[in-house]
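Here is how the chains run, residue by residue.
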Amino acid sequence: MRRLGQALGIFGVAIAAAACGSSGSGTVPSAPAAPLQGGAADHMRLNMMRLRLDDLGPNWRREAPALQSDETSKCDPHPHGVKITAGSWKSRGVTYAYGTTAQVHSDAIVFATPADAQKTVDAYMAPSVIRCLSRELRKEFRGSRSVKLLGMTTSTLRRHRVADELSGFRVTLNLAKGKHVFKFFVDGFMVRQDRAVAQFSYMNAFQPAPTGTEYTLAQAIAQRGALG
């Protein structure tokens, strides 16, 4: 579940976003089939808690997840002592794009206990991890001849309660391409449903992703996780 490293793949998206565009919107999918048992149920739950193309609405497309370097992966915390029953820290998840200005990445892991799941959420949302992400984002733009990073801010996102927990943060990048100055927003979320943890990042140029859209995506993940 390489959430942070995948988020750093925005460099190419931000360059493309120098052209005008807009973001998509989400819809809640229909209920899945009856759940399985044991390990098979955990793997099914993992797949159900990844975002799907039909969650995002029209004009979105699936893309190959960006490759992750050793430098960017060092931001990803791997809590000691937790047991994974479905998924992997090394999973690349799924990635979707809307034109050249928006991208969503999603993945999930199922743990042996709710405590293991909560420990993972706490580790990923720690301030030190967000600081690491900010440092690596700065490195991504360093030396670029196409897009210049003018500044960056981070903030905690406050959302309505979803599932057992919904935590989020935003990184706002102020960018310039020639005389064209624009903003790029990276929103990262963790959704815990009992023993399962899903993450998704929503990256959008010019304006933040709509709060209602992100909330709808979190709800879709939580509903499928509960049915799983």
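Please read these numbers as outputs of a predicted model, since none were measured by experiment. The residue count restarts for each chain, going from 1 along the sequence in the order it is written. In view of the model being predicted, local features appear only for residues whose pLDDT reaches at least 70, and side-chain atom pairs are presented and counted only at 80 or more, with totals across whole chains, interfaces and linings using the full set of residues. Hydrogen atoms and water are omitted, and side-chain values are computed over all heavy atoms in the structure.

### Overview of the pairing of strand β3 (residues 94-98)
- The cut-offs for exposure are 20% and 50% of the maximum accessible area for each residue type, with area from a 1.4 Å probe on protein chains only; residues under the lower value are buried, those over the upper are exposed, and the others partly exposed. Think of it this way: any DSSP run of H or I at least four residues long counts as a helix, any run of E at least two long counts as a strand, and we number them from the N terminus. Among the five residues in β3, five count as buried, and that is most of the element.
- Of the two faces of β3, both are covered, the one formed by Val94, Tyr96 and Tyr98 as well as the one formed by Thr95 and Ala97.
- Where β3 meets strand β4 (residues 102-111), five bridges bridge the pair, whose relative direction is antiparallel. Paired with Tyr98 across the two strands is Ala102, which belongs to β4.
- Strand pairing is defined by DSSP finding a minimum of two bridges between the two strands. Between β3 and β4, which pair antiparallel one after the other, the connecting turn spans three residues, and Gly99 there sits at a positive phi close to 55°.

### Focus: unusual backbone geometry
- One non-glycine residue with positive phi stands out, namely Asn59, at about 75°.
- For Phe206, which is not glycine, the phi torsion reads 75° and is therefore positive.
- Mapped onto the fold, Phe206 is located in the loop between β8 (196-205) and α8 (211-227).
- What makes Phe206 partly exposed here is its relative accessible area of 28%.

### A few points about the state of the cysteines
- Defined by distance alone, a disulfide is two cysteine sulfur atoms within 2.5 Å. One pass over the structure, following the stated rule, counts one disulfide.
- Residue pairing for Cys75: its cysteine sulfur links by disulfide to Cys132, the two sulfurs lying 2.2 Å apart. A torsion of -85° about the S-S bond marks the disulfide between Cys75 and Cys132 as left-handed. Within this pair, whereas Cys75 is found in the loop between α5 (70-73) and β2 (84-86), its partner Cys132 is found in helix α7 (residues 127-141), the two being separated by 57 residues in sequence.
- For Cys75, a relative accessible area of 4% gives the class buried.
- Taking relative accessible area as the criterion, Cys132 reaches 8% and is therefore assigned buried.

### Some details on the pattern of salt bridges
- For this document, the term salt bridge refers to a Lys or Arg side-chain nitrogen within 4 Å of an Asp or Glu carboxyl oxygen. For the structure on display, the rule yields eight salt bridges.
- Glu63 serves as the salt-bridge partner of Arg61, at 2.9 Å between the closest nitrogen and oxygen.
- Put simply, Arg170 and Asp187 hold a salt bridge, and the shortest N to O gap is 2.7 Å. One end of the pair, Arg170, is in strand β6 (residues 165-177); the other, Asp187, is in strand β7 (residues 180-193), and 17 residues separate them in sequence. Each member of the pair, Arg170 as well as Asp187, carries the same accessibility label: buried.

### A word on the confidence of the model for the protein
- What pLDDT reports is the predictor's confidence in each residue, on a scale of 0 through 100. Scored by pLDDT, the protein has a mean of 82; 79% of the residues are at 70 or more.
- We call two residues in contact when some of their heavy atoms are within 4.5 Å. Confidence over residues 19-30 falls short of pLDDT 50; this stretch has 37 contacts with residues more than four positions distant or in other chains.

### Overview of the packing of aromatic side chains
- Stacked, tilted and edge-to-face are the three classes applied to pairs of Phe, Tyr and Trp rings, where Trp contributes its six-membered ring and a pair requires centres within 6.5 Å; stacked means planes under 30 degrees apart, edge-to-face means over 60, and tilted covers the rest. According to the stated counting rule, one finds six aromatic pairs in the structure shown.
- Note on Trp60 and Tyr202: the rings are 5.9 Å apart at their centroids and 85° apart in plane angle, and the pair reads as edge-to-face. Of this pair, Trp60 sits in strand β1 (residues 60-63) while Tyr202 sits in strand β8; the two residues are 142 residues apart in sequence, bridging distant segments of the chain.
- On the accessibility criterion, Trp60 (7% relative accessible area) is buried.
- Classification of Tyr202 by relative accessible area gives buried; the value is 1%.
- Geometrically, the ring pair formed by Trp89 and Phe111 is tilted, given 6.1 Å between the ring centres and 50° between the ring planes. On the criterion of sequence distance, the pair formed by Trp89 in the loop between β2 and β3 and Phe111 in strand β4 is long-range, its members being 22 residues apart. The same class applies to Trp89 and to Phe111, which are both buried.

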